[in-house]
Amino acid sequence: MGRALGTVGCCLALLALLALPAAPGDSVLRLQRRPGGPSADTACKNWPLDLVFIVDSSRSVRPEEFEKVKIFLSEMIDTLDVGERTTRMAVMNYASTVKVEFPLRTYFDKASLKEAVSRIEPLSAGTMTGLAIQTAMDEVFTEEMGTRPATFNIPKVVIVVTDGRPQDQVQDVAASARRAGIEIYAVGVDRADMQSLRIMASEPLDEHVFYVETYGVIEKLTSKFRETFCAGNVCALGTHDCEQVCVRNRGSYLCDCYEGYTLNPDKRTCSAVDTCAPGRHECDQICVSNNGSYVCDCYEGYTLNPDKKTCSAKDMCGPGRHDCAQVCLSNDGSYSCDCYEGYTLNPDKKTCLAVDMCAPGRHDCEQVCVRDDLSYSCDCYEGYTLNPDKKTCSRAITGSLVTTEESCKCEAIAALQHSVTSHLEALSTK
């Protein structure tokens, strides 16, 4: 398929010499109005193509502008070597719906093709570009509709002409078409969305994406495509075997690679550069290789800074980042849990349990410890009083007057004790 894709590929590098410079950052060929129109050159002996034009005729394309597109198609027919065994041509018309105006098998002479083009009418609102490309794959690029078998190695080429932004998902459909060997050129006019053109076009983009300011100058592209399809250099004719980029070199060619790839020793194929090798990246922590480029990432507990290179430790104790019941302690991208005074950390290292402040060894009361929520106070036994240090106790000293009744009780007790003593002594002497 390399020959097939190359047939319509690399020669567009020549087109930059014939167009005004693009705005900075635009990988497109940007054309301006110039005096005069394309010359009525005789048809080139281009390599055979199965060529499909997909033309936007949504409401944004005014009738007079659509007529300009038809003129462009007619001039392309004049330019190409049209025939059953050379270049076959089909035209699709799309807006919110898709119409195959005529497939590849229908017309094999210029007069019939131009007559069919003249009868095309614009459709209506909508810009379903993805649907149009999908329809080309399903209904036009089939052998039943005139596409030649793969064994013939006939390049399959699509030229999309639009002035708007696709209203469907064109990226995946275009990628599928390219994988199927369809080479896609995207022509944007006036209000066309440049990003969408680049998404659908084949690589290299600067050879497959065109832009013109108005439909009034779209016919200027005729000569550009003529050079693409008819130029006699090896990079355009598909006779090279470069895997990625063919570079003309004094009648011959050299192979090169896209950015992020390096040329293998065979001087033809390319390998992705290990962009994460030491010295090739500027990531602070982790380098992730990404198809010839790289992105930076961070270790767990760190977050990528806005510069997309360096990392900062996350505040692991921020709301919602930890599961500590009471106190979270940040620790260089991680965290640990702790408890308030009067609590102790449970074995799960997350929750806390209130401490028994009056348990042995936890207080300094001399006699009595009294728990008070998460603290304690000291007290003394009966007959003792708490000292000013609020910890130790002293025996209480009390003074009081003895009443007559109490005195009599004391004397009676003393007399009884004396009587008992005397009686015991008398018994002991017998």
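Rules and cut-offs
- Residues numbered from 1 in each chain as written.
- Predicted model: local features only at pLDDT ≥ 70, side-chain atom pairs only at ≥ 80, totals over all residues.
- Heavy atoms only, no water.
- UniProt positions renumbered as here; feature names shortened; annotations may be inferred.
- Core = buried A, V, L, I, M, F, W, Y, C linked by side-chain atoms within 4.5 Å.
- Buried < 20%, exposed > 50% of the residue type's maximum accessible area, 1.4 Å probe, protein only.
- Helix = DSSP H or I, 4+ residues; strand = E, 2+ residues; numbered from the N terminus.
- Axes fitted to C-alpha atoms, helices over the stretch in contact; angles between N-to-C directions.
- Parallel < 35°, antiparallel > 145°, perpendicular 65-115°, else oblique.
- Contact = heavy atoms within 4.5 Å.
- Nonpolar A, V, L, I, M, F, W, Y, C, P; charged D, E, K, R; others polar.
- Salt bridge = Lys/Arg side-chain N within 4 Å of Asp/Glu carboxyl O.

Under an unreviewed UniProt entry, the name given to the protein is MATN3 protein, and the organism recorded is Sakesphorus luctuosus. For the protein, the Subcellular location (unreviewed entry) comment in UniProt is given as "Secreted".

A. The arrangement of the nonpolar core in detail. Counting 34 residues, the largest nonpolar core has Phe53, Phe72, Ile159 and Phe225 as its most contacted members. Sorting the residues of this core by element identifies strand E2 (50-56), helix H2 (63-79), strand E3 (88-94), helix H3 (110-118), strand E5 (156-162), strand E6 (182-189), strand E7 (209-212) and helix H7 (221-230) as the ones contributing at least two each. Among the nonpolar cores identified, the runner-up in size contains 29 residues, and Met92, Ala136, Val170 and Ala186 belong to it.

B. Representation of the packing of H2 against H3 within the structure. Direction vectors running N to C along H2 and H3 enclose 175 degrees, while the axes themselves pass 10 Å from each other. Comparing the axis directions of H2 and H3 gives the class roughly antiparallel. Side by side, H2 and H3 meet where Lys70, Leu73, Ser74, Ile77 and Asp78 of the first sit next to Lys110, Leu113, Lys114, Val117 and Ser118 of the second. Across the contact of H2 with H3, the residue classes break down as four nonpolar, two polar and four charged.

C. The environment of Glu203, seen in detail. For Glu203, the location among the structural elements is in the loop between helix H6 (194-200) and E7. For Glu203, a relative accessible area of 51% corresponds to the exposed category. Separated by 18 residues in sequence, Glu203 and Tyr185 have C-alpha atoms that sit 9.5 Å apart. Aside from chain neighbours lying at most four places away, what touches Glu203 is His208 and Tyr258.

D. Quick look at the pattern of salt bridges. Using the criterion set out here, one finds 15 salt bridges in the structure. Two residues, Asp78 and Lys114, come together in a salt bridge whose shortest N-O distance is 3.1 Å. Note that Asp78 is positioned in helix H2 and Lys114 in helix H3, a separation of 36 residues in sequence. The class of Asp78 is partly exposed, set by a relative accessible area of 32%. Given the relative accessible area of 30%, Lys114 is considered partly exposed. Between Asp193 and Arg165 there is a salt bridge, with its nearest N and O atoms 3.4 Å apart.

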